[in-house]
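Each chain, written out:
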Amino acid sequence: MDSPEIPPSDRREERPPASLPLPAAFLEFLGENGLDPALYSKADTIPRYIRLKPGMESSVVTEIESELKCDLMRVSWLPDFYAIPPEIQIAGSKAYQQGKIYGIDAASGAAILALDVQSGDHVLDLCAAPGAKLCMLADMLGSSGSLTGVDVAKHRLAACRTMLQKYSLGDRSRLFVADGTSFSILPVNSNLGSMEGIFSRRIQSRFCFTSSARMNDLACFEFMLFVTAFVGIEDNGSIFSEWTSKRSWKDRQKSKKAKAAGSPHLPSTSEPELIYYGKDSGLVGLQKRYVLHPSTDAAACTSGYDKVLVDAECTHDGSIKHIQKFEFWGWKTLDRRVLNVERTGNLLHLQLGLLTNGFKLLKTGGSLVYSTCSLTVAQNENVVQQFLSKHPSAELLKINPADSWPCRSGGIQKTLRFDPATSQTSGLFVAKFVKL
Ligand SMILES: C[S@@+](CC[C@H](N)C(=O)[O-])C[C@H]1O[C@@H](n2cnc3c(N)ncnc32)[C@H](O)[C@@H]1O
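Residues numbered from 1 in each chain as written. Predicted model: local features only at pLDDT ≥ 70, side-chain atom pairs only at ≥ 80, totals over all residues. Heavy atoms only, no water.

Some remarks on the environment of Gly145
Moving on, step 1. Positionally, Gly145 belongs in the loop between α6 (132-141) and β6 (146-151).
Moving on, step 2. Distance in space between the C-alpha atoms of Gly145 and Val188 is 9.8 Å, their sequence separation being 43 residues.
Moving on, step 3. In contact with Gly145, not counting residues within four places along its chain, are Gly120, Asp121, His122 and Arg172. (Helix = DSSP H or I, 4+ residues; strand = E, 2+ residues; numbered from the N terminus. Contact = heavy atoms within 4.5 Å.)

If you want it as structure tokens, here you go:
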């Protein structure tokens, strides 16, 4: 007689024990979420991944190999990605310091490819820091379109600014410290339509300009630059000039106030704070008040972002290397940062809020990728399900390149799950939506 099939929960006992000394509270968290502790035994075996900045000559690979003293193994399913042994540190290498490579997990790379960014797209990254995905998004964008990065933590977003500048990827980017659940600023070009009206009316009354023909975007843009030059003089300094790291007196006063109000993250007004914009971000020469005005749902449908990434805040339990760090930070901090029930409850609300607002800012026909580095169903499939039940204009999309990716299907059709055992990567859940 055939021996009865072992239920999955019992099969776990046969696997090698986790090499990390996982604390009881974390094991309990894994148990409650139906996750296998054996995954954490892979911590020392899954490779570290680096991405070679596109456009680098292939000779650079040999150069980097001799500097890092290891082979760079090309990741066949992901362009420009290489695997290196997990113990190799890249931060001290010249290749890293000169901006030729950056560290980014292969699963994160897959999430960006899933978004299918095309040259000319207006892209929003709603939880951008510390910025590895943001850099890859900027790379995919090429020489047209725009990239807007948002994060609630100012010090973390400042790290994004450093990254973009280091890798010369910031020209088309702008960075806002803001709450991603309520951020409502549209891409710059989208404002042209509404500003066309504002400027036309203003100029008509000033200069008796009476053309009834609708200006095309380019003519309108040139016209606006001309107009802002005049209006700007009148408004004395409210025009975006080229970005500088030197802060104005006004900005310094603003952050003093925010500090005094006791918020380390958000300015006291909770208004989005622009902490960087590149020379081709579309802002230079424009009036601040027209760029920073909040949008309506209807405006977003016609003039919103083409692509949105919501790489939501989560418990990070799927990021094996992150969990590994608690060996140094102390397992007690894991309780506070990962397992705290109240925090986890709030997280679910936050994740749904981020996904909902990211979708709101998407133009009709645009697509959104929702990802988390948690392996729990609660933070992934359940959030997706709840979101879909409230948004009839949202539909899950098949992620086409995934046919050749080493990942599994998520608990809902068309969603994906990467994990150390299946993918040799960090854990990541990925879902892609289209706005109908
Ligand atoms: C998983 S990390 C994002 C990683 C990032 N996408 C990358 O590839 O480097 C989540 C980020 O969400 C940010 N965050 C948390 N709450 C937020 C909110 N309400 N609005 C915007 N960002 C938020 C955190 O500060 C954190 O930087």
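Looking at the pairing of strand β7 (residues 173-177)
Moving on, step 1. The buried fraction of β7 is high, at five of five residues.
Moving on, step 2. By the alternation rule, side chains of β7 split into Ser173, Leu175 and Val177 and Arg174 and Phe176, which are all buried.
Moving on, step 3. Two elements, β6 and β7, share five bridges in a ladder whose sense is parallel. Note that in β7 the partner of Val150 across the bridge is Phe176.
Moving on, step 4. Of the pairings in the sheet, the one linking β7 to strand β8 (residues 273-277) comprises four bridges and is antiparallel in character. For Arg174, the partnering residue across the bridge sits in β8 and is Tyr277. (Buried < 20%, exposed > 50% of the residue type's maximum accessible area, 1.4 Å probe, protein only. Pairing = 2+ DSSP bridges.)

Some thoughts on the packing of aromatic side chains
Moving on, step 1. For the structure on display, the rule yields 13 aromatic pairs.
Moving on, step 2. Aromatic side chains Phe326 and Trp331 sit 6.4 Å apart centroid to centroid with 25° between the ring planes, which places their arrangement in the stacked category.
Moving on, step 3. With centroids separated by 6.2 Å and ring planes inclined at 45°, the aromatic side chains of Trp405 and Phe418 adopt a geometry described as tilted. In this pair, Trp405 is assigned in the loop between β11 (394-396) and β12 (408-409) and Phe418 in strand β13 (residues 416-418), connecting sequence segments 13 residues apart.
Moving on, step 4. When its relative accessible area of 1% is taken as the criterion, Phe418 is described as buried.
Moving on, step 5. Taken together, Phe26, Phe29 and Tyr40 form an aromatic cluster joined through their ring pairs.
Moving on, step 6. We note Lys288 situated over the ring of Phe240; from NZ or CZ to the ring centre the distance is 5.5 Å. (Phe/Tyr/Trp six-rings, centres within 6.5 Å; stacked < 30°, edge-to-face > 60°. Lys NZ or Arg CZ within 6 Å of the ring centre and 35° of its normal.)

With respect to the UniProt feature "active site" (unreviewed entry) in the protein
Moving on, step 1. Following the UniProt record, the feature "active site" (unreviewed entry) maps to Cys373 here.
Moving on, step 2. Relative to the elements of secondary structure, Cys373 occurs in the loop between β10 (362-372) and α17 (381-390).
Moving on, step 3. What Cys373 contacts, discounting residues up to four positions off in sequence, is Cys314, His316, Asp317, Gly318, Ser319, Gly427 and Leu428. (UniProt positions renumbered as here; feature names shortened; annotations may be inferred.)

Comments concerning unusual backbone geometry
Moving on, step 1. Geometrically, the link from Ala129 to Pro130 is a cis peptide bond, its omega value of 10° lying close to zero.
Moving on, step 2. Phi is positive for Ser168, which is not a glycine, with a value near 50°.
Moving on, step 3. Structurally, Ser168 is set in the loop between α7 (154-166) and β7.
Moving on, step 4. By relative accessible area, Ser168 is classed as exposed at 62%.

What about the sheet that holds strand β2 (residues 73-74)?
Moving on, step 1. Read across the sheet, four strands follow the order β2-β3-β1-β4 without closing on themselves; strand pairing throughout is antiparallel. Looking at the sheet topology across the chains shown, the edges are occupied by β2 and β4 (101-103).
Moving on, step 2. Pairing of strand β1 (residues 48-52) with strand β3 (residues 81-84), which is carried by four bridges, proceeds in the antiparallel orientation. Of the residues in β3, the one forming a bridge with Ile50 is Tyr82.
Moving on, step 3. The sheet strands contacting helix α3 (residues 59-68) are β1, β3 and β4, and the helix crosses β1 at an angle near 145°.
Moving on, step 4. Across the face of the sheet, α6 comes into contact with β1, β3 and β4 while running at roughly 140° to β4. (Axes fitted to C-alpha atoms, helices over the stretch in contact; angles between N-to-C directions.)

Some points on the side chain of Asp36
Moving on, step 1. Mapped onto the secondary structure, Asp36 falls in the loop between α2 (24-32) and β1.
Moving on, step 2. At 2.9 Å, the side chain of Asp36 forms a polar contact with the backbone nitrogen of Ala38. (Polar contact = N/O pair within 3.5 Å; in protein donor to acceptor, adjacent residues only side chain to side chain.)

Notes on the pattern of salt bridges
Moving on, step 1. Summed over all chains, the structure comprises 14 salt bridges.
Moving on, step 2. Note that Lys363 is salt-bridged to Asp306, the shortest N-O span being 3.1 Å. Here the residue Lys363 occupies a position in strand β10, and Asp306 occupies one in strand β9 (residues 305-311), the gap between them amounting to 57 residues.
Moving on, step 3. Using a relative accessible area of 13% as the deciding quantity, one classes Asp306 as buried.
Moving on, step 4. The shortest N-O distance in the salt bridge between Asp403 and Lys398 comes to 3.1 Å.
Moving on, step 5. In this structure Asp403 comes out as exposed when scored by relative accessible area, which is 63%.
Moving on, step 6. Connected via shared salt-bridge partners are Arg51, Lys53, Asp80 and Asp139. (Salt bridge = Lys/Arg side-chain N within 4 Å of Asp/Glu carboxyl O.)

Structural notes on the packing of helix α5 (residues 106-115) against α6
Relative orientation and spacing of two packed helices are given, respectively, by the angle between their axes and the distance between those axes.
Moving on, step 1. Look at α5 against α6: their axes get within 10 Å of each other, and the N-to-C directions meet at 40°. Relative to α6, the element α5 lies oblique. Between α5 and α6 lies a crossing of right-handed hand. For the pair α5 and α6, contact is made by Ser108, Gly109, Ile112, Leu113 and Leu115 and by Lys133, Met136, Leu137 and Met140, respectively.
Moving on, step 2. Residue composition of the contact of α5 with α6, grouped by class: six nonpolar, two polar and one charged. (Parallel < 35°, antiparallel > 145°, perpendicular 65-115°, else oblique. Left-handed = near helix turned anticlockwise from the far one by under 90°. Nonpolar A, V, L, I, M, F, W, Y, C, P; charged D, E, K, R; others polar.)

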